[in-house]
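Report on the structure
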Amino acid sequence: MTDAGGHDIALVISDVDGTLVTSDKRLTPAAVAAVRRLGEAGIGFTIASSRPPVGLRPLVEALGLTLPLAAFNGASIVRPDLTILSETLIPEEAAREAAHRLDAAGLDVWVFARGAWFLRDPDAPYTDLERRTLQAEPAIVADLEPLLACASKIVGVSPDAAHLAACEAEVATALGPRASVHRSQAYYLDVTPPGLDKGRFVDWMAGHLGIPRARIATLGDAGNDAALFARSGLSIAMGNAVESLKAGADAVTEANDSDGFAKAITRLVLT
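Small disclaimer: the values here were computed from a predicted structure and weren't measured.

A short note on the packing of aromatic side chains
If you walk through the whole model with that rule in mind, you get nine aromatic pairs. Between the aromatic rings of tryptophan 110 and tryptophan 117, the centroid separation amounts to 5.2 Å while the plane-to-plane angle is 65 degrees, which identifies the pairing as edge-to-face. Each member of the pair, tryptophan 110 as well as tryptophan 117, carries the same accessibility label: buried. An aromatic cluster is built from Phe72, Trp110, Phe112, Trp117, Tyr126, Tyr187 and Tyr188, whose rings are joined through pairwise contacts.

Now the structure itself:
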């Protein structure tokens, strides 16, 4: 683990999947204890995730979270009871083009809209994983088209990581400034509203709490966490993070399956 040192941290914002939880989506006792120690030290804690709000509820309950949280990579900000403080949808034209391109690329397509998760094939890859992650069931529909006027997030899903990376580049280029396009996992390609990312949530929380961004620490593992890192005073990449994120981080901790989150809090934030 690299040493960051010298930061007077008032708030920690963590990514969830690949960071706060293990690969099988568990909160370890060490992670729960680390969040508790932050509270005891007077340091705030919250999360910024690509998950929908419903997928954050188990974490709110397990960790006793009291601060606002970011869902959909920052496009929605919610209270711990999941009532909405701020919400932005994908522009309809961009949503339709994104869904068409993901479908044409042979990806399974999910749409998150109206507070629910919609898909066409309940047996497609990673559907069971997402059920366990969100602790929620999808709504099965024959046609996603009617949902694209009110989509918060569209996801292209594939077990072929190389193909998904190529799709990311193609769809991001095609949509340009009309949407944000990033992989949140090697198997998930997220399309979310433009100009709204996890970095925006750092700014929002700094204003909400009246603290400078320099006193905010962030943790993440994926490309969509780069915006989180860019706006915070201390950025900590997981040992399992993509190399580009590690290269831009202030510090690197151990992997999420080796209690890297808890170790980072202990050694880099609470010291």
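Quick word on the pairing of strand S11 (residues 188–192)
A regular strand places its side chains on the two faces of the sheet in alternate fashion. For S11, a buried count of five out of five residues is recorded, marking the element as mostly surrounded by other parts of the structure. Burial along S11 is two-sided: Tyr188, Asp190 and Thr192 and Leu189 and Val191, pointing in opposite directions, are all buried. Note that strand S9 (residues 151–157) and S11 share four bridges and pair antiparallel. Across the sheet, valine 157 pairs through a bridge with tyrosine 188, a residue of S11. Taken together, the five bridges between strand S10 (residues 180–185) and S11 define a ladder with antiparallel strand orientation. In the sheet register, arginine 183 faces S11, and the bridge partner there is leucine 189. Hairpin connection of S10 to S11: two residues between the antiparallel strands.

Focus: the sheet that holds strand S6 (residues 108–113)
Spatially, the six strands line up as an open sheet ordered S8-S7-S6-S9-S11-S10, and their pairing is mixed. One side of each edge strand has no neighbouring strand; the edge strands of this open sheet are strand S8 (139–140) and S10. Packing of helix H3 (residues 92–104) onto the sheet brings it into contact with S6, S9 and S11, and relative to S9 it is tilted by some 15 degrees. Relative to the sheet, helix H5 (residues 161–175) contacts S9, S10 and S11, its axis offset from that of S10 by approximately 160 degrees.

A word on unusual backbone geometry
Look at arginine 114: it is not a glycine, yet its phi comes out positive at around 55 degrees. Take arginine 114: it is sitting in the loop between S6 and strand S7 (116–119). Here arginine 114 falls in the exposed class, since its relative accessible area comes to 62%. Residue aspartate 259 is not a glycine yet carries a positive backbone phi of 60 degrees.

Things to note about the nonpolar core
Membership of the largest hydrophobic core comes to 45 residues, with the highest contact counts inside it found for Val12, Phe45, Ile47, Phe261 and Val269. A per-element tally of this core places helix H9 (residues 260–269) first, with six residues. Excluding residues that lie within four positions of it along the chain, phenylalanine 45 makes contacts with Leu11, Val12, Ser14, Leu20, Val35, Leu38, Leu63, Leu65, Leu67 and Phe261. Core analysis: the next-biggest nonpolar cluster, separate from the first, contains 25 residues, Ala151, Ile154, Cys167 and Val181 among them.

Some points on the packing of H3 against H5
Between H3 and H5, the shortest axis-to-axis distance is 11 Å and the interhelical angle comes to 155 degrees. Here H5 runs roughly antiparallel to H3, going by the angle between their axes. Of the two possible hands of crossing, H3 and H5 adopt the one that is right-handed. Along its contact with H3, which presents Ala94, Glu97, Ala98, Arg101 and Leu102, the element H5 presents Glu170, Val171, Ala174 and Leu175. Looking at the contact of H3 with H5, its residues break down into six nonpolar, no polar and three charged.

Re the side chain of aspartate 190
Relative to the elements of secondary structure, aspartate 190 occurs in strand S11. Lacking a salt bridge, the buried aspartate 190 has lysine 153 as its closest oppositely charged neighbour, with an N-O distance of 4.0 Å. At 2.9 Å, the side chain of aspartate 190 and the side chain of serine 184 are in polar contact.

Conventions used here
Residues numbered from 1 in each chain as written. Predicted model: local features only at pLDDT ≥ 70, side-chain atom pairs only at ≥ 80, totals over all residues. Heavy atoms only, no water. Phe/Tyr/Trp six-rings, centres within 6.5 Å; stacked < 30°, edge-to-face > 60°. Buried < 20%, exposed > 50% of the residue type's maximum accessible area, 1.4 Å probe, protein only. Helix = DSSP H or I, 4+ residues; strand = E, 2+ residues; numbered from the N terminus. Pairing = 2+ DSSP bridges. Contact = heavy atoms within 4.5 Å. Axes fitted to C-alpha atoms, helices over the stretch in contact; angles between N-to-C directions. Core = buried A, V, L, I, M, F, W, Y, C linked by side-chain atoms within 4.5 Å. Parallel < 35°, antiparallel > 145°, perpendicular 65-115°, else oblique. Left-handed = near helix turned anticlockwise from the far one by under 90°. Nonpolar A, V, L, I, M, F, W, Y, C, P; charged D, E, K, R; others polar. Lys, Arg positive; Asp, Glu negative; His and termini not counted. Salt bridge = Lys/Arg side-chain N within 4 Å of Asp/Glu carboxyl O. Polar contact = N/O pair within 3.5 Å; in protein donor to acceptor, adjacent residues only side chain to side chain.

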